[in-house]
Amino acid sequence: MDITALLRPHISKLSPYSSARDEYSGKEGIFLDANENPFGDWVDGQYHRYPDPYQQAIKEKLSTLKRIPAEQIFLGNGSDEAIDLLIRAFCEPNQDEVLLLPPTYGMYEVSAGINAVGIRRVPLTADFQPDVAAIQAAISPKTKMLFLCSPNNPSGNKMERKSLRQLIREFPGVVVVDEAYSDFSDEPSFISELADFPNLVVIQTFSKAWGLANLRVGMAFSSVALIRVLNLIKPPYNISGLTQEKVLQALDQAELLERRVADMLAERAYLERALEASDFVQKVFPSHANFLLCKLPHARDVYEGLLKQFIIVRDRSKVLLCADCLRISVGTREENEAFLAAFEQVASALAAEKL
Ligand SMILES: *Cc1c(COP(=O)(O)O)cnc(C)c1O
């Protein structure tokens, strides 16, 4: 399959804006080409030049770390930017559709909505797995993209690899596998399978395991042809130079990631055991992410009780298949202990009141 055949016609005909930094990418010389301020800034004296529009230094390091050529990597202002650009590249407004599997990450729907792209929904099964037959039955000629999130937000589980492979292989459009939480999972990334699937885009982020949510940097991995299109339609300088420096610093100490993840998993296990031991909790869903979805009576009241003690969790009780569920991000040991103490207090007060 030639993925570029699926692009919106005007996108495949587009010629790129050529920025000053595109036309000459050398580091040496006297730069009089970009209307920058030659006297420098008065903050640090180093931010008066436009940054590298293609973030090559980061991509070279990522290429080694992720074992994929740099030309197959796109960097966005958060993975949310990659999601938005993908929808814009492939889905004709007021005509095409994306296929979503609720309950899932909210930004797919938001981005589709902003771009006037339709949404078709096929709920996950009761154990939050994709219903392959129902998904295939829902595909129409308008269905251009399928979003698969594994490990899934808000349920936390990983999806069966066999189903994911079958969906990617048989879907007639672009399939996005969102691996925002894959660093917390024992499941290998789909990056290693990109060569088998020309219609696959894998999304990851620096916002979760890397601890850099504030910087807003996300990654997309795909075929050279598709990455070229994302680079063509992105805003020219979508990642600031300051941000690029910080990401490079993090990548220079990439060995720390594993330790951070191990700490996080130990805390998740602690929180999971404590919640499972609570009489009030009906179910803690198995998690491959850095949060736990938890089913309990009067979820909204529990949420509000916690809020009064300035402990903020995510109320998912109105979300499909998540009735009576709260999503709790794993904190530090101190934070988890404070949460658990407040939770037991709120839960016992509620249990007494509702008897
Ligand atoms: C948090 C999250 C992201 C990350 O988005 P960024 O824009 O990179 O911060 C992506 N997908 C899912 C499913 C998430 O939960």
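For the structure itself, look to the data block above.
Residues numbered from 1 in each chain as written. Predicted model: local features only at pLDDT ≥ 70, side-chain atom pairs only at ≥ 80, totals over all residues. Heavy atoms only, no water.

Novice: Help me out: how do you make sense of the sheet that holds strand β10 (residues 314-315) in this one?
Specialist: Within a sheet, adjacent strands bond to each other through the backbone by hydrogen bonds, running parallel or antiparallel. Strand order in the open sheet made by the 4 strands is β8-β9-β11-β10, with antiparallel pairing throughout. Only two strands of the sheet have a single neighbouring strand rather than two, namely β8 (283-284) and β10. Packing against the sheet, helix α10 (residues 255-277) makes contact with β8, β9 (291-295) and β11 (325-329), and its axis sits at approximately 10 degrees to β9. (Pairing = 2+ DSSP bridges. Helix = DSSP H or I, 4+ residues; strand = E, 2+ residues; numbered from the N terminus. Contact = heavy atoms within 4.5 Å. Axes fitted to C-alpha atoms, helices over the stretch in contact; angles between N-to-C directions.)

Novice: So what exactly am I meant to see when it comes to the packing of aromatic side chains here?
Specialist: To describe a pair of aromatic rings, one takes the distance between the centres and the angle between the planes. One pass over the structure, following the stated rule, counts 9 aromatic pairs. Measuring from ring centre to ring centre gives 5.5 Å for Tyr105 and Tyr108, while their planes differ by 80 degrees; the resulting arrangement is edge-to-face. Connected via pairs of aromatic rings, a cluster forms that spans Tyr105, Tyr108 and Phe147. When the ring centre of Tyr270 is taken as reference, the NZ or CZ atom of Arg333 above it lies at 3.6 Å. (Phe/Tyr/Trp six-rings, centres within 6.5 Å; stacked < 30°, edge-to-face > 60°. Lys NZ or Arg CZ within 6 Å of the ring centre and 35° of its normal.)

Novice: When you look at the side chain of Ser111 in this model, what are you seeing that I'm missing?
Specialist: As for its placement among the helices and strands, Ser111 is situated in helix α5 (residues 107-114). By relative accessible area, which is 2% here, Ser111 ends up buried. What Ser111 contacts, discounting residues up to four positions off in sequence, is Ile83, Asp84 and Ile87. (Buried < 20%, exposed > 50% of the residue type's maximum accessible area, 1.4 Å probe, protein only.)

Novice: I would appreciate a short explanation of the side chain of Ser163 in the present structure.
Specialist: Summarising the element assignment, Ser163 is placed in helix α7 (residues 161-170). Sequence-distant contacts of Ser163, defined by excluding residues within four places in its chain, comprise Pro130 and Val132.

Novice: Sorry, what's going on with the sheet that holds strand β2 (residues 97-100) here?
Specialist: The strand order β1-β7-β6-β5-β4-β2-β3 describes an open sheet built from 7 strands, whose pairing is mixed. The sheet is open, and its two borders are formed by β1 (73-77) and β3 (118-121), each paired with just one other strand. Looking at each pair of strands side by side, their axes are set apart by 25 degrees on average, direction ignored. Its contacts with the sheet place helix α3 (residues 56-66) against β1, β6 (200-205) and β7 (217-221), and it is angled at close to 120 degrees to β1. The strands that α7 touches are β4 (143-149), β5 (174-178) and β6; relative to β4, the one it contacts most, it runs at about 165 degrees.

Novice: I would appreciate a short explanation of unusual backbone geometry in the present structure.
Specialist: Most peptide bonds adopt trans geometry, and most residues besides glycine take a negative phi value. Looking along the chain, the bond that leaves Pro102 and enters Pro103 is cis, with omega of 0 degrees. Note that the residue after Asn153, namely Pro154, is joined by a cis bond; omega there is 15 degrees. Backbone geometry at Ala116 places phi at a positive 55 degrees, although glycine is not the residue there. For Ala116, the position within the fold is in the loop between α5 and β3. Backbone geometry places Phe310, a non-glycine residue, at a positive phi of 60 degrees. One can find Phe310 in the loop between α11 (299-308) and β10. What makes Phe310 exposed here is its relative accessible area of 73%.

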